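What follows is each chain in one-letter form.
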Amino acid sequence: MDRRTVLRVGVLGAGTATFAGALWQQAFAAVAQPGPSPYGALLAADANGIHLPAGFTSRVIARSGQNVPGTSYAWHRAPDGGACFRSGTGWIYVSNSEIPVAGGASAIRFTADGSIASAYRILGGTNVNCAGGATPWGTWLSCEEVPLGRVFETWPDGSRQAEERTRMGRFTHEAAACDPDRRVVYLTEDESDGCFYRFVPDTWGDLRTGTLQVLCGPTDQVAGPVTWRDVPDRDGIPVPTRLQVSAAKHFNGGEGCWYDRGTCWFTTKGDNRVWAYDAVNQRIDLAYDDNLVPAGTAPLTGVDNITGTSGGDLYVAEDGGNMEINVITPAGVVAPILRIAGQNSSEITGPAFSPDGRRLYFSSQRGTSGASAGSGGITYEVTGPFRA
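Residues numbered from 1 in each chain as written. Predicted model: local features only at pLDDT ≥ 70, side-chain atom pairs only at ≥ 80, totals over all residues. Heavy atoms only, no water.

Where an unreviewed UniProt entry is consulted, the protein appears under the name Translocation protein TolB, with the organism given as Micromonospora rosaria.

**Some remarks on the overall build of the protein**
Under the convention used in this document: Numbered from the N terminus, helices here are DSSP runs of H or I no shorter than four residues, and strands are runs of E no shorter than two. The globule rule used for comparison is 2.2 Å times the number of residues to the exponent 0.38, while the radius of gyration itself is calculated over C-alpha atoms. When checking whether two residues touch, look at their non-hydrogen atoms; a contact exists if any pair is within 4.5 Å. Using a 1.4 Å probe, the Shrake-Rupley method yields the accessible areas, and only the shown protein chains count as cover for residues. We treat Lys and Arg as the positive residues and Asp and Glu as the negative residues; His and chain ends play no part in the count. Where a charge lies is defined by one atom per residue type, namely NZ (Lys), CZ (Arg), CG (Asp) and CD (Glu).
The secondary structure content of the protein amounts to two helices and 28 strands. Here the protein has a C-alpha radius of gyration of 19 Å; the compact-globule value for 388 residues is 21 Å, and the two agree. Over its C-alpha atoms, taken along the principal directions, the protein stretches across nearly 55 × 45 × 35 Å. In the protein, of all internal contacts separated by at least 6 residues, the share reaching a separation of at least 24 is 52%. If you sum the accessible surface of the protein, you get close to 13,900 Å²; carbon and sulfur atoms cover 50% of it. Looking at the protein, you have 31 positive and 39 negative side-chain charges, and the mean spots of the two groups are 3 Å apart.

**Considerations on the nonpolar core**
The line we're drawing: Take the buried Ala, Val, Leu, Ile, Met, Phe, Trp, Tyr and Cys residues and link them wherever side-chain atoms come within 4.5 Å; each set so joined is a nonpolar core. Burial status follows relative accessibility: with a 1.4 Å probe on protein chains alone, a residue under 20% of its type maximum counts as buried, one over 50% as exposed, and anything between as partly exposed.
Residues Y186, F196, L215, C257, C264 and Y277 are the most contacted members of the largest nonpolar core, which totals 22 residues. Of all the elements in the fold, those that place two or more residues in this core are β12 (173–179), β13 (184–189), β18 (254–260), β19 (263–268), β20 (273–278) and β21 (283–289). Judged by nonpolar contacts, the second largest core, of 20 residues, contains M323, L360, Y380 and F386.

**Remarks on the confidence of the model for the protein**
The condition is simple: pLDDT is defined as a per-residue confidence score from the predictor, taking values between 0 and 100.
Mean pLDDT over the protein: 92, with 93% of residues reaching 70 or higher. Every residue in residues 1–22 is under pLDDT 50, and counting partners more than four places away or in other chains gives 58 contacts.

**Digging into the sheet that holds β12**
Rules: At least two DSSP bridges between two strands are required for those strands to pair. An axis is simply a line fitted to the C-alpha atoms; with a helix, the fit covers only the stretch in contact. Between two such axes, the angle follows the N-to-C directions and lies from 0 to 180 degrees.
Ordered in space as β12-β13-β14-β15-β17, the five strands form an open sheet in which the pairing is antiparallel. The sheet is open, and its two borders are formed by β12 and β17 (227–230), each paired with just one other strand. On average, adjacent strands in this sheet sit at an angle of 35° to one another, irrespective of strand direction. Relative to strand β14 (residues 196–203), β13 runs antiparallel, the two being bridged by four bridges. Considered in β14, the bridge of V185 is made with F199.

**Quick notes on the sheet that holds strand β4 (residues 79–87)**
Taken together, the four strands give an open sheet; going across it, the order is β4-β5-β6-β7, and neighbouring strands pair in antiparallel fashion. With partners counted over all chains shown, the strands left at the sheet margins are β4 and β7 (116–124), one partner each. Within this sheet the neighbouring strands show an average axis-to-axis angle of 20°, counted without direction. The pairing of strand β6 (residues 104–110) with β7 spans seven bridges and is antiparallel. The partner of A105 across the bridge, within β7, is L123.

**Things to note about the packing of aromatic side chains**
Convention followed: Stacked, edge-to-face and tilted are the three classes for Phe, Tyr and Trp ring pairs, Trp counted by its six-membered ring, which pair at centre distances within 6.5 Å; planes under 30 degrees apart are stacked, over 60 edge-to-face, the rest tilted.
As enumerated under the stated definition, the model contains 23 aromatic pairs in all. Here the aromatic rings of Y93 and Y361 are separated by 5.3 Å at their centres, their planes lie at 25°, and the arrangement is stacked. With Y93 in strand β5 (residues 90–97) and Y361 in strand β27 (residues 359–364), this residue pair connects regions lying 268 residues apart in the sequence. With a centroid separation of 5.1 Å and an interplanar angle of 85°, the aromatic rings of W137 and W204 are classed as edge-to-face. Of this pair, W137 sits in the loop between β8 (129–134) and β9 (140–144) while W204 sits in the loop between β14 and β15 (206–216), placing them 67 residues apart in sequence. Overall, the relative accessible area of 28% leaves W137 in the partly exposed class.

**Focus on unusual backbone geometry**
Here the bond from I237 into P238 is cis, since omega is 0°, no more than 30 degrees from zero. Relative to the assigned elements, P238 resides in the loop between β17 and β18. Not every positive phi belongs to a glycine, and R183 is a case in point at roughly 60°. Counting through the fold element by element, R183 comes out in the loop between β12 and β13. The residue R261 is not glycine, and still its phi comes out positive at about 45°. If you trace the backbone, R261 turns up in the loop between β18 and β19. With a relative accessible area of 37%, R261 lands in the partly exposed category.

**Some points on the state of the cysteines**
As a reminder of what qualifies: Two cysteine sulfurs form what is called a disulfide whenever their separation falls within 2.5 Å.
According to the stated counting rule, one finds zero disulfides in the structure shown. Sulfur of C84: no disulfide; nearest cysteine sulfur belongs to C178 and is 16 Å away. No disulfide involves C195; its sulfur sits 7.9 Å from the nearest other cysteine sulfur, which is in C216. Since its relative accessible area comes to 3%, C195 is described here as buried.

**Details of the pairing of β12**
For β12, the buried fraction is high: seven of the seven residues fall into the buried class. Sheet analysis places β12 next to β13, joined by five bridges and oriented antiparallel. Counterpart to A176 in the pairing with β13 is L187. With antiparallel pairing between neighbouring strands as the criterion, β12 and β13 make up a hairpin whose turn holds four residues, including R183 at a positive phi of roughly 60°.

**Here's the deal with the pairing of β19**
Most of β19 is tucked away: six of the six residues are buried. With burial as the criterion, each face of β19 is covered, one bearing T263, W265 and T267 and the other bearing C264, F266 and T268. As defined by bridge partners, β18 adjoins β19 across five bridges and the pair is classed as antiparallel. Note on β19: the bridge partner recorded for C257 is F266.

Following this line, the structure appears as structure tokens:
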């Protein structure tokens, strides 16, 4: 049997809906399959080159190297991971800059009607800031995607200087997701033999001290129980953190990470998978794998950043592929919600919803230019009847 057949038999035979007490039980009955989008088919590209369903509209809110409209702030290059935060009657969208040495993160503040009020930098002088995650106390964790990379805690409103959080481990950081129920922060690692970690702070809400742990289980396991073990040396010198615990489970290129009601969803780009970690029962399973759909029908490839909604929908951005964001519904259907035309040398980054759920923000990291330095980056907003 080929890999596709072996995986299908192994996963479906394991019974993927056996979890209890987590969002998984309310969601996918099996690995997600292609199907009709809850929003309908994508229409022809609009004036911004975005294919959207009926009832949705797009606008460009920033371009790399150009002033954000209505401000004197030049938007950063290579926009990557992002998130939205409430701010008075409006909100703030933060975005990382995935460039060497002069990376960091910037923010755009919106008024209640969606108008841009200001734009500014919240982190500078850091290295290849890829993804990260929002905290329940309203800060943004910006992660460096380099060996011995660091996590920086930033304040979206710019009220405080960013602070380094090296107790969270020094490795090729990608994304972070906070679990307020177990009071831990999950972390992905972008290496072909990367690991999945959690940081257990000594005091919830204070990330200055705590313990770094790594998820353990057979590397070829796609469903079943897992455990956590302490990482002996979180600084990763001279032995990288992913190689310090022999029982650590390795993942092929960890990317986005999203926590919701007992489940942490994370993606791996090397094998085009979306994983589900059941934090209640400490088990893992697959939510999506492009090798577990009929050959030639996979709508989602190059899986990367991920976000979700209160209703249980997941939104997964593509790094490459055909430049789509796909929705994975609780019914286990995966389908495109948007596509960017004419930017096949780019990737989609930073998907995040405004607090009211009516606006989706994301970027094309290299835009139409495809320039490796990200000088052509474009950040978009899509408005429409998104499901709650």
